Each structure stands twice: as C-alpha cells, then as structure tokens.
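Tertiary structure, described
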Amino acid sequence: MDIKQNFIDIENTFLSKFATKSNNSKGRNKPEKPCAIRTEFQRDRDRILHNKAFRRLKHKTQVFISPAKDHYRTRITHTLEVSQIARTIARALRLNEDLTEAIALGHDLGHTPFGHTGEEVLNTLLPNGFRHNEQSVRIVTILDDLNLCAETLDGILNHTGAIKPYTLEGQIVKIADRIAYLNHDIDDGIRAGIISEEKLPHDILAVFGDTKSERITSMVTDMVINSMNQNEIKMSKPFHEALIELRSWMFKNVYVGSMAKNEEHKAKKIITELYYYFIEHYDEIFYKTKSISDTKERVVADYIAGMTDRFAIQTYVEKFVPTSWEGSFKQSIL
C-alpha cells in the first residue's frame, strides 16, 4: 500500500523547510510496527482523540465551575478551539498540521476538576507540586501509555511556561492556546454578566478588532505574516504587547476576584478533603490506577486530577454528606 508513502511525499514536497516531517521524527519511547495508512503524527492525533482522558474534558471547568447553561466553554470546547486556530496557522505557514493538531488536542489532558483552582490546590498538597502540563505528559506516557512521538510530548509539556517547544508546530499551539482562551473567555464573561461590552478595554482591543471573529482573524493573520519563512513563531511587537495587556486585564476583571470565582472556595474544599480522605483510605483507589509504583500521594493526585467536576462533587457527597437510611428510621419508631 502506498497511502502512507503518499502522505510522506506530500510532506517532503509541499511543507516548508522549517516544518517537522513525520519521517524525521525522533520517534517513540517504545518501537512499534508502522501503520500502513497513517503517518506517525496522525497516529498520535488519533490516540489522543480516542483516549478516555480526552473525553473527560467535556465535564471539566474552563473558567466557570459546573456551568448550568449550555453555551459556556468547557475544557473540551477550549481544546477544540485551540486546535482550530493552531491548524489554521500551521496550514498557512506550510507546517505539519497533523503534529499541530496532536499537540493541541493533548495539551490540557492533565487539567484537574474545577480548572486552575483544582490545579492550585493539588500543587500545594502534593510534595513535589502539581502542574497540569506535566500531568498531561504523565497521562500519555504512564497512566494511559499512548507511546506518543517525542515531538508531540515536547509540545504538550511546553505549551505553557518559559520553555519554548523545539518544533514550530509546538510554538504555534503555545500562542494559539492564549488566543483561544482570551477571546472565548471575553465571550463567556459577557454572557455571564461579569463584564460588559461597554467596559471592555477598547484601547487594547482596537489593535485586534471589534468582534471575537475579527480579533481571532487579526491575531492569526499577524502570526502568519510575522512567522512566514522563518524558523520561529511570533507576533509583531504591537500585537504581542497588546495580547499581554489584554491577558492582564482579564486576570484583573475575570480570572481573579470576579463573580466567576464565587464558588472557588467550595471547589478548593472539595479537592482538599478528597485528597486527605483518599490518603487515609488508599485501599479504595490503589487498584484503579496504573501508577501503583509511585508514592501514595502521587497516586491520590492522579486519581483526583482525572475526575470531572461532577464526579468530584458526587464523590465528595458520597464521602462527606450524610444521607438518611429510611429502613433504620422506620425501625426506630415502630
């Protein structure tokens, strides 16, 4: 069959000299028999998409904890928006769209229930700390062992933080992540009544455009123009500075101290009490995880981090909220 070879030929012929070619991958930790149809990065994308950790993202917080209404973003819709933005940029720059998509789909697998609030709590409880990007890598290398390519792992690990991914595809996802969450969090913030169209920082947004669509389009276009035929992904200085200012404004008005955080203390309590409960009742979970060679604390953190918002709430109610036993009550009054 020549299907896979056709993909490889297309990559070698069409993609930029700066693109990461699948046949030049640094490979997997464990050698595998090649697929006859898909390239290595296509296989990575498919493995992430079919992984249960990916499916759990649909019930994990983006900004608003356990939103009752249908149109607020969850962690999975955020991931899909990052993927769309990143793939558009990669395609325009003639970079490897398959690798870009794999990194984008896997970048947030390690997020806890209740978003960054849950991450902050586990970071204080776990002896060596907890970071969602490292947990994402831990999921695909240890807990679920997807045996992904080195380039995919690097992009997932370094989509946040000071270290820049060594592939341009990973660098695209790093910026696309920020483009996605800033724009959709403005949208959700307005929908929730936390911020209003009138109170947005229009001096900053004037750099990008008046609507969400205009802003995303201008950010993507700026990245493409300033990264074309270069071995680096970047924005122009005005766009980069405006993006940093917008992020600071969002932290001040949405991410910290707004009504969106009213339930945060409850989420912290749930994560904290579940952590100490399972430390004391380790036998209830140790057989459910593949990380049994690790410390008790690490296994408990893995278990809690894998929970969705609603499963964490359900488990908390089961462990800490008393329920009446009707049979016992009837017996006592007869």
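Look up: the structure comes first, before these words.
**Some points on the environment of Leu126**
Its place among the elements puts Leu126 in the loop between helix H6 (115-125) and helix H7 (132-143). Considering only alpha carbons, one finds Leu126 and Tyr275, 149 residues apart in sequence, at a separation of 9.3 Å. With sequence-adjacent residues up to four places away left out, Leu126 is seen in contact with Tyr275, Glu297, Arg298 and Ala301.

**Some thoughts on a nonpolar patch on the surface**
A cluster of nonpolar side chains, Ile3, Phe7, Ile10, Phe14 and Ile37, forms an exposed patch at the surface whose accessible area comes to about 440 Å². Among the secondary structure elements, Ile10 is positioned in helix H1 (residues 3-14).

**Some thoughts on the environment of Ile179**
By the element assignment, Ile179 lies in helix H9 (residues 168-192). Along the primary structure Ile179 and Arg28 are separated by 151 residues, whereas in three dimensions their C-alpha atoms are 30 Å apart. Discounting residues that sit within four places of it in the chain, Ile179 has contacts with Ile85, Ile216, Met219, Met223 and Met235.

**Description of the nonpolar core**
Across soluble globular proteins, nonpolar side chains have a tendency to be buried as a group. Phe208 and Leu246 are the most contacted members of the largest nonpolar core, which has 48 residues in total. Broken down by secondary-structure element, the contributors of at least two residues to this core are helix H4 (75-92), helix H5 (97-106), H9, helix H10 (202-205), helix H11 (212-227) and helix H12 (237-255). By residue number, the principal contributor to this core is H9, which donates 10 residues. If near-sequence neighbours (up to four positions away) are discounted, Leu246 is found in contact with Leu182, Ile186, Pro201, Ile204, Leu205, Phe208 and Met219. Counting residues in each nonpolar core, the second largest holds 25 residues, with Phe114, Ile270, Ile279 and Ala312 among its members.

Definitions and cut-offs
Residues numbered from 1 in each chain as written. Predicted model: local features only at pLDDT ≥ 70, side-chain atom pairs only at ≥ 80, totals over all residues. Heavy atoms only, no water. Helix = DSSP H or I, 4+ residues; strand = E, 2+ residues; numbered from the N terminus. Contact = heavy atoms within 4.5 Å. Patch = residues over 30% accessible without salt bridge, like charges linked within 9 Å, V, L, I, M, F, W, Y side chains within 5 Å. Areas by Shrake-Rupley, 256 points an atom, 1.4 Å probe, with all protein chains shown as cover. Salt bridge = Lys/Arg side-chain N within 4 Å of Asp/Glu carboxyl O. Core = buried A, V, L, I, M, F, W, Y, C linked by side-chain atoms within 4.5 Å. Buried < 20%, exposed > 50% of the residue type's maximum accessible area, 1.4 Å probe, protein only.

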